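What follows is the residue order along each chain.
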Amino acid sequence: MEKLKNNPIIKAIGTQRLVALLALILLYLTFGIMNPRFATYSTMVNIFDASYYIGFMAIGICFVIATGGIDLSIGTVLTMSGLVAGFLSVNMGFPIWLVIIICISIGTLFGVINGLLVAKLGLPPFIATLGTMMLSKGIGSIITGAQSVTWKSGSDPEGWYRSIFKIKTEGGLLIPTGFLFLIAAAVLMAVVMNKTKTGRYILSLGSNKEATRLSGVNVDKYLIIAYVISGTFAGIAGLAYSTIYSTLLPGGGAGFEMDAIAGVVIGGTSMSGGIGTIAGTMIGVFIISILKTGLPFVGLQTHYQQVATGLVLIVAVFADVYRNRKKN
């Protein structure tokens, strides 16, 4: 066991990330064996489709969890961003380029609000983001008159935005361009977390907030930045969800944050803060996406998917707690 721990490959990847990667491969192979129709190109595209909105939320909330905090509002902020932006496009005639900016900006605004509530007012992250979760849920319904919103189709002159996440060739082949967008965002934010002052200070907040403050770091500033990153990526997730699924329902989105949190924790980010990994988060996101896509292939529908995600989350958090106990 000691030799395995000291193996340079395992050290480079990280034990929990390696276990998550092996679980991802095993999960895919298991579904493929149980139903050969799962191992097709069209199913792979569906897995990618499910991963976009979860992945963008997970990238953002990874920074918040690394501080030792939580953001429960990202699911409903995703929905509100898509609802309001879609309403402005369909009902008010706003150009799609402006709608995209508004969609992301709504997420950023809620990130700022969450950051101020936690950093400046001293509210517990759970309570602060629970409040903004309910706010965003209600505001989205009020603005749209409690009506669903369907974004413009690909055949519309302004439907070009759909090519950001998926291109359909003349032969009918679907190309998941959003996968490249998601990976590019993950690489960029991994650099921010691991190679920049901002990322190091955010991780430091999770390790020891008071020691970070005493070393002269503006703790409030970097705490707010973490929540702004989370909110911004919730807005991007809103764009991704609207592009892939087109129709958004008022009051929806509650529960989406659990998929993102599960992906983050499965990947090796510590719920107690101080440890964050974007690469591991992406592995966790694809485990959740494969579960969501694969379970119907073996005859298990939505309620079973929720049970599976809950069990995976419990196991991942237990592994995190066990790892922290061993350190202490």
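Along each chain, residue indices are assigned from 1 in the same order as the chain's sequence is written. The predicted origin of the model limits local features to residues at a pLDDT of at least 70 and limits the giving and counting of side-chain atom pairs to 80 or more, whereas totals for whole chains, interfaces and linings rest on all residues. Calculation of side-chain values draws on the structure's entire complement of heavy atoms; hydrogens and water are dropped beforehand.

For the protein, the name recorded in an unreviewed UniProt entry is Autoinducer 2 import system permease protein LsrD, with Lacrimispora algidixylanolytica as its organism.

### Quick word on the overall build of the protein
Here is the rule we go by: Labels follow the DSSP assignment, with helices taken as runs of H or I lasting at least four residues and strands as runs of E lasting at least two, numbered in each case from the N terminus. Each radius of gyration reported is based on C-alpha atoms, and the globular scaling rule is 2.2 Å times the count of residues to the power 0.38. Here the term buried applies to any residue with accessible area under 20% of the maximum for its type, exposed to any over 50%, and partly exposed to those in between, with areas from a 1.4 Å probe on protein chains only.
Helix and strand content of the protein: 14 helices and 4 strands. The globule rule puts the C-alpha radius of gyration for 328 residues at 20 Å, and the 20 Å found for the protein is close to it. Dimensions of the protein, computed from the C-alpha atoms along their principal axes, are close to 55 × 50 × 35 Å. Each of the 328 residues in the protein was classed as buried or not, and the buried ones make up 51%.

### Describing unusual backbone geometry
One non-glycine residue, Ala-146, adopts positive backbone phi at about 60°. A positive phi angle, near 70°, is found at Ser-246, a position not held by glycine. On the secondary structure map, Ser-246 appears in the loop between helix H11 (219-245) and strand S4 (247-248). When its relative accessible area of 18% is taken as the criterion, Ser-246 is described as buried.

### Re the nonpolar core
For soluble globular proteins, nonpolar side chains are generally found buried alongside one another. Operational definition: Residues enter a nonpolar core if they are buried and are Ala, Val, Leu, Ile, Met, Phe, Trp, Tyr or Cys, with the set joined through side-chain atoms within 4.5 Å. We call two residues in contact when some of their heavy atoms are within 4.5 Å.
Ranked by size, the top nonpolar core spans 94 residues in total, and within it Phe-56, Ile-59, Ile-61, Phe-63 and Trp-151 carry the most contacts. For Phe-56, the contacting residues outside a window of four places in its chain are Phe-165, Phe-181, Leu-182, Ala-185, Phe-233, Ile-236, Ala-237 and Ala-240.

### Brief notes about the confidence of the model for the protein
The condition that has to hold: What pLDDT expresses is the predictor's confidence in each residue, scored from 0 to 100.
Considering every residue of the protein, the mean pLDDT works out to 89; 95% of them sit at 70 or more. pLDDT under 50 marks residues 7-13. Its contacts with residues more than four places away, or in other chains, come to 7 contacts.

### Thoughts on the pattern of salt bridges
What counts here: Definition used for salt bridges: Asp or Glu carboxyl oxygen within 4 Å of a side-chain nitrogen of Lys or Arg.
Taken as a whole and judged by the stated rule, the model has 5 salt bridges. Between Lys-166 and Asp-49 there is a salt bridge, with its nearest N and O atoms 2.8 Å apart. In this pair, Lys-166 sits in the loop between strand S1 (149-150) and strand S2 (167-168) while Asp-49 sits in helix H4 (residues 41-66), placing the two residues 117 residues apart along the sequence. Here Lys-166 falls in the partly exposed class, since its relative accessible area comes to 24%. Residue classification places Asp-49 among the buried residues on the basis of a relative accessible area of 6%.

### Thoughts on the packing of helix H5 (residues 74-90) against helix H6 (residues 96-119)
For the record, the criterion: Convention adopted: a line fitted to C-alpha atoms gives each axis, helices being fitted over their contacting stretch, and angles between N-to-C directions are expressed from 0 to 180 degrees. Small angles under 35 degrees read as roughly parallel and large ones over 145 as roughly antiparallel, with 65 to 115 read as roughly perpendicular and the rest as oblique. Left-handed describes a crossing in which the near helix is turned anticlockwise from the far one by less than a right angle; the clockwise case is right-handed. Charged residues are taken to be Asp, Glu, Lys and Arg, nonpolar residues to be Ala, Val, Leu, Ile, Met, Phe, Trp, Tyr, Cys and Pro, and polar residues to be all remaining types, Gly included.
Running from N to C, H5 and H6 cross one another at 150°; their axes reach a closest spacing of 9 Å. It follows that H5 is roughly antiparallel to H6 by the angle criterion. The hand of the H5/H6 crossing is right-handed. For the pair H5 and H6, the contacting residues are Val-77, Met-80, Ser-81, Gly-82, Val-84, Ala-85, Leu-88 and Ser-89 in the first and Ile-96, Val-99, Ile-102, Cys-103, Ile-106, Gly-107 and Phe-110 in the second. Split into classes, the residues belonging to the contact of H5 with H6 amount to 11 nonpolar, 4 polar and no charged.

### As for the UniProt feature "transmembrane region" (unreviewed entry) in the protein
The line we're drawing: UniProt positions are given in the numbering used here, feature names are shortened, and annotations may be inferred rather than shown by experiment.
UniProt records the feature "transmembrane region" (unreviewed entry) at residues 12-31, 51-84, 96-119, 172-193, 224-248, 260-291 and 303-322, using the numbering of this structure. Regarding residues 172-193, the helix share stands at 73% and the strand share at 9%, and the terminal C-alpha atoms are separated by 39 Å.

### Re the environment of Leu-26
Within the secondary structure, Leu-26 is located in helix H3 (residues 15-34). When its relative accessible area of 55% is taken as the criterion, Leu-26 is described as exposed. Linking Leu-26 and Ile-287, residues 261 residues apart in sequence, is a C-alpha distance of 10.0 Å.

### What to know about helix H8 (residues 178-195)
A turn of α-helix holds 3.6 residues, and therefore any two residues three or four places apart point the same way. Which entries qualify depends on this criterion: Take the number of residues in a helix, subtract one, and multiply by 1.5 Å to get its expected span. An arc is given here, and it is the one of the directions from the helix axis to the C-beta atoms.
The end-to-end C-alpha distance of H8, which contains 18 residues, comes to 25 Å, matching closely the 26 Å that a straight helix rising 1.5 Å per residue would cover. For H8, the full list of buried residues reads Gly-178, Leu-182, Ala-185, Ala-186, Met-189, Ala-190, Val-192 and Met-193. Buried residues of H8, seen end-on, are gathered within an arc of 160° and therefore sit on one face of the element. Facing away from the buried side of H8 by more than 90 degrees, the exposed set consists of Leu-180, Val-187, Leu-188 and Lys-195. Where H8 is buried, its residues meet H4, helix H9 (197-207), H11 and helix H13 (278-294).

### Observations regarding H9
Inspection of H9 places Gly-199, Ile-202, Leu-203, Leu-205 and Gly-206 among the buried residues, and these make up the whole buried set. What you see down the axis of H9 is that its buried residues fit within an arc of 150°, all on one side. Of the surrounding secondary structure, the elements contacted by the buried residues of H9 are H4, H8, helix H10 (209-214) and H11.

### Some details on the packing of H4 against H8
Two elements in contact, H4 and H8, have axes whose closest approach is 9 Å; the angle formed by their N-to-C orientations is 10°. The orientation of H4 with respect to H8, classified from their angle, is roughly parallel. Residues Phe-48, Ser-51, Tyr-52, Gly-55, Phe-56, Ile-59, Cys-62, Phe-63 and Ala-66 of H4 lie in contact with H8, whose contacting residues are Gly-178, Phe-179, Phe-181, Leu-182, Ala-185, Ala-186, Met-189, Val-192 and Met-193. Split into classes, the residues belonging to the contact of H4 with H8 amount to 15 nonpolar, 3 polar and no charged.

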